[in-house]
Protein chains: 2
Amino acid sequence: MESDENSMTSSFNPSKRAVVLLSGGIDSATTLAVAKDQGYLCHALSFDYGQRHKVELASAKKVALAIGVLDHKTLHFDLRGIGGSALTAPLEIPKDRLPTARAHGIPITYVPARNTLFLSMALGLAEVLGAYDIFIGVNAVDYSGYPDCRPEFCRAFETLANLATKAGVEKAGRFQIHTPLIELTKVDILKLGVSLGVDYSLTMSCYDPDQQGLACGRCDSCQIRKEGFLAARICDPTSYQT
Amino acid sequence: MESDENSMTSSFNPSKRAVVLLSGGIDSATTLAVAKDQGYLCHALSFDYGQRHKVELASAKKVALAIGVLDHKTLHFDLRGIGGSALTAPLEIPKDRLPTARAHGIPITYVPARNTLFLSMALGLAEVLGAYDIFIGVNAVDYSGYPDCRPEFCRAFETLANLATKAGVEKAGRFQIHTPLIELTKVDILKLGVSLGVDYSLTMSCYDPDQQGLACGRCDSCQIRKEGFLAARICDPTSYQT
């Protein structure tokens, strides 16, 4: 990771290609907009991993189209075979938790090794494409709960990436993991996204949407989203069930 | 990685559980036997990743049954969506290469980020199972060609594993990546396996087997296998096409 990237001092990289992880939520949409703003030509990458909120993939598609990418790939792998998370196993999604409760410990929605897997897939694709810059929208709010959203995790993955690959062996330090949101709050992220023209009505954050794809408004992810829009004084464009 | 493990000074760990990556070839079968010999109760893990030599999965099943495991899981994910390798894309598998040619450079059968992905899946499963020891059968012969078979790669993954997970955060250094074969030649591996009772007739190494699952005898993997049995003065139990 480049520290000037993290602190959002934008460097412009015309015609350089990047792989951008795109889940369809606020953070990944903003990250894609940042990568574009820095001049990267972007390959968006999403995952169908057996998540109960698969509706996010439709959002990812809309976001990729709206912001503009070279291509958008969705890779399939079934994390239900591993289980252990409320997002991939039949466990109840926590609802209506107070911020103090959400700040305590690693939540049941933690998916074991998820970002390691996502970044590994991105690394494989990046090497094939000859694109050595990988963007992931991890941020401060998430890393209070998820171990694989922390700066030290991202740095360790960057080290691994350059040891794991033919391209990394040929040129040390070739792969860079970019985490432009890692030190930003949800408010900072929303303000940044709006300044870059991100249409957040296309994004989806909910862990437990209904059959129509409407957000529950009560899971941790919905609550963080709602509170973010409120604190940023930006109109929340989300259609909630209630 | 524990250095005493790599040098094969066996430590006995009764009732401790391990996740063992099992492809169905010589190296992973021997690794499973080593883990068992060290007293681990083993969860075998195989991958259906769109490889053209999918017949290896039947071998993995037989090997797991013969050596004895707690369970054997096969996870599906499609690396054909990434491509870039003769093992997952419609590229020709090199045949009849001399050892000097095989020793030169990274071969076209290299699958971008494969061991990173395999270890990431093993890490996710291990965390869910509460098993913090992961065995992978990378070895000296392979690491001359594949970057993700080198000791520095495995050490970097171990560091990552302990930063990426809830279990690793709760107890630093909890996850260990065991690479008992990493310093062994194919001859050493075969002799070790025979001493542990491994039935190599159940294993499959070929990158390009025919419809009946018979090994081609000519790809790099078949040649390394043949040469290994010959040099170890062990009867090669493989059924080759020619």
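Because the structure is a prediction, the values reported are computed rather than measured.

Trainee: Describe the overall build of chain A, listing the residues and the values that go with them.
Mentor: Helix and strand counts for chain A stand at 10 helices and five strands. Taking 242 residues into account, the globule formula puts the C-alpha radius of gyration at 18 Å, and chain A, at 17 Å, falls close to it. Structurally, chain A occupies a C-alpha span of about 55 × 40 × 30 Å along its principal axes. Within chain A, the proportion of its 242 residues that are buried is 57%. Considering only contacts within chain A whose residues lie at least 6 apart along the sequence, 74% involve residues at least 24 apart.

Trainee: How would you summarise the nonpolar core if you had to cite specific residues and measurements?
Mentor: One finds F77(A) and F77(B) to be the most contacted residues of the largest nonpolar core, which totals 96 residues. Among the elements of the structure, β1 (17–21), β2 (41–48), α5 (114–129) and α7 (151–164) of chain A together with β1 (17–21), β2 (41–48), α5 (114–129) and α7 (151–164) of chain B are those that each provide at least two residues to this core. Those residues in contact with F77(B), other than ones at most four positions away along the chain, are H76(A), F77(A), M121(A), F47(B), D48(B), Y49(B), G50(B), L117(B), F118(B) and M121(B). Core analysis: the next-biggest nonpolar cluster, separate from the first, contains 28 residues, A33(B), F135(B), Y200(B) and A232(B) among them.

Trainee: An account of empty space enclosed by the protein is needed here, citing residue identities and associated values.
Mentor: Residue and element names in this part refer to chain A. Taken as a whole and assessed by the stated rule, the structure comprises one cavity of 30 Å³ or more. Every residue lining the largest cavity is listed: Y110, V111, R114, N115, Y146 and D148. Split by residue class, the lining of the largest cavity holds three nonpolar, one polar and two charged.

Trainee: A description of helix α10 (residues 220–232) of chain A should follow, citing residues and the corresponding values.
Mentor: Note that an α-helix has 3.6 residues per turn; residues three or four places apart therefore point the same way. Residue and element names in this part refer to chain A. Relative to the 18 Å expected for 13 residues at 1.5 Å per residue, α10 spans 18 Å between its end C-alpha atoms, a close match to the ideal helical length. Restricting attention to buried positions, one finds in α10 the residues D220, S221, C222, Q223, R225, G228, F229 and A232. Those residues of α10 that are buried are in contact with α2 (26–37), α4 (99–102) and α9 (186–195). At the C-terminal side of α10, R233 shows a positive phi close to 55 degrees.

Trainee: Pulling in residues and values, what's your account of the packing of α2(A) against α9(A)?
Mentor: Geometrically, a packed helix pair is captured by the angle between its two axes and the distance between the axes. All names here are of chain A. It is at 10 Å that the axes of α2 and α9 come closest, and there the two elements cross at 45 degrees. What the angle tells us is that α2 and α9 run oblique. Crossing of α2 over α9 shows left-handed handedness. Here I26, D27, T30 and V34 of α2 come into contact with α9, specifically with K186, I189, L190, L192 and G193. When grouped by side-chain class, the residues that make up the contact of α2 with α9 number five nonpolar, two polar and two charged.

Trainee: Now, about the relation of the copies chain B and chain A: what can you tell me, with residues and values included?
Mentor: Once turned by 180 degrees and shifted 0.0 Å along the axis, chain B lies on chain A with an RMSD of 0.0 Å. Expressed as an axis order, the relation between the two copies is that of a two-fold axis. Closest to the rotation axis within chain B is the C-alpha of F77(B), separated from it by 2.1 Å. Of the interface residues in chain B, 100% have counterparts in chain A that sit at the interface too, so the contact is made through matching surfaces.

Trainee: Tell me about the environment of N139(A), and name the residues and values.
Mentor: Residue and element names in this part refer to chain A. With respect to the element layout, N139 can be found in the loop between β4 (133–135) and α6 (140–143). For the pair N139 and R150, spaced 11 residues apart in sequence, the C-alpha separation works out to 7.8 Å. Excluding anything up to four places from it in sequence, N139 contacts D27, L181, I182, L184, K186 and I189. A distance of 2.5 Å separates polar atoms of two side chains, one belonging to N139 and the other to D27.

Trainee: Could you give an account of the sheet that holds strand β5 (residues 176–178) of chain B, naming the residues involved and the relevant values?
Mentor: Pairing between the strands of a sheet comes from backbone hydrogen bonds, and it takes one of two forms, parallel or antiparallel. Residues and elements named next belong to chain B. Ordered by their spatial adjacency, five strands build an open sheet running β3-β2-β1-β4-β5, and the pairing between neighbours is parallel. Looking at strand neighbours, the two that pair on one side only are β3 (71–76) and β5, the edges of this open sheet. Geometrically, the sheet is characterised by an average inter-axis angle of 25 degrees between neighbouring strands, direction not taken into account. Relative to β3, β2 runs parallel, the two being bridged by six bridges. Each residue of the ladder has a partner; that of F47, found in β3, is L75. Sitting on the sheet, helix α2 (residues 26–37) is in contact with β1, β2 and β4 (133–135), with an inclination near 170 degrees to β1. Together, β1, β2, β3, β4 and β5 form the strand contacts of α5, whose direction differs from that of β1 by roughly 160 degrees.

Trainee: Requested: an account of the pattern of salt bridges, with residues and values cited.
Mentor: Residues and elements named next belong to chain B. If you walk through the whole model with that rule in mind, you get 10 salt bridges over all chains. Between K186 and D27 there is a salt bridge, and its shortest N-O distance comes to 3.0 Å. Taken together, the residues K186 in helix α9 (residues 186–195) and D27 in helix α2 connect sequence positions 159 residues apart.

Trainee: Lay out the interface of chain B and chain A in plain terms, naming residues and giving numbers.
Mentor: Listed per partner, the contact involves 36 residues of chain B and 36 residues of chain A. Surface buried jointly by chain B and chain A totals about 3000 Å² across both partners, of which 74% is contributed by carbon and sulfur atoms. By the criterion of area lost to chain A, the three top residues of chain B are I82(B), L160(B) and L163(B), representing 19% of everything that side buries. Between chain B and chain A we count zero salt bridges in total. Here chain B is connected to chain A by three residue pairs in polar contact (both at pLDDT 80 or more). Elements represented by at least two residues in the side of chain B that touches chain A include exactly β3, α5, α7 and α8 (166–170) of chain B.

Trainee: Describe the sheet that holds β4(A), and please don't skip the residues or the numbers.
Mentor: Residue and element names in this part refer to chain A. Spatially, β3-β2-β1-β4-β5 is the arrangement adopted by the five strands of the open sheet, whose pairing is parallel. Each end of this open sheet is capped by a strand with a single partner; those strands are β3 (71–76) and β5 (176–178). If you compare each strand with its neighbour and ignore which way they point, the axes differ by 25 degrees on average. Judged from the three bridges that link them, β4 and β5 form a sheet pairing that is parallel. Across the sheet, residue I134 finds its bridge partner in β5, namely I177. Contacting β2 and β3, helix α3 (residues 56–67) crosses the sheet at an angle of about 170 degrees to β2. Across the sheet, α5 is in contact with β1, β2, β3, β4 and β5; its angle to β1 comes to roughly 160 degrees.

Definitions and cut-offs
Residues numbered from 1 in each chain as written. Chains lettered and ligands numbered in written order. Predicted model: local features only at pLDDT ≥ 70, side-chain atom pairs only at ≥ 80, totals over all residues. Heavy atoms only, no water. Helix = DSSP H or I, 4+ residues; strand = E, 2+ residues; numbered from the N terminus. Rg over C-alpha atoms; globule rule 2.2 N^0.38 Å. Buried < 20%, exposed > 50% of the residue type's maximum accessible area, 1.4 Å probe, protein only. Contact = heavy atoms within 4.5 Å. Core = buried A, V, L, I, M, F, W, Y, C linked by side-chain atoms within 4.5 Å. 1 Å grid on protein atoms, 1.4 Å probe; cavity = no way out; pocket = protein on both sides within 12 Å on 5 of 7 lines; lining within 4 Å. Points joined across faces, edges and corners; volume = space filled by probe spheres on them. Nonpolar A, V, L, I, M, F, W, Y, C, P; charged D, E, K, R; others polar. Expected span 1.5 Å × (residues − 1). Axes fitted to C-alpha atoms, helices over the stretch in contact; angles between N-to-C directions. Parallel < 35°, antiparallel > 145°, perpendicular 65-115°, else oblique. Left-handed = near helix turned anticlockwise from the far one by under 90°. Least-squares fit on C-alpha atoms with pLDDT ≥ 70 in both. Polar contact = N/O pair within 3.5 Å; in protein donor to acceptor, adjacent residues only side chain to side chain. Pairing = 2+ DSSP bridges. Salt bridge = Lys/Arg side-chain N within 4 Å of Asp/Glu carboxyl O. Buried area = accessible area lost by both parts, 1.4 Å probe.

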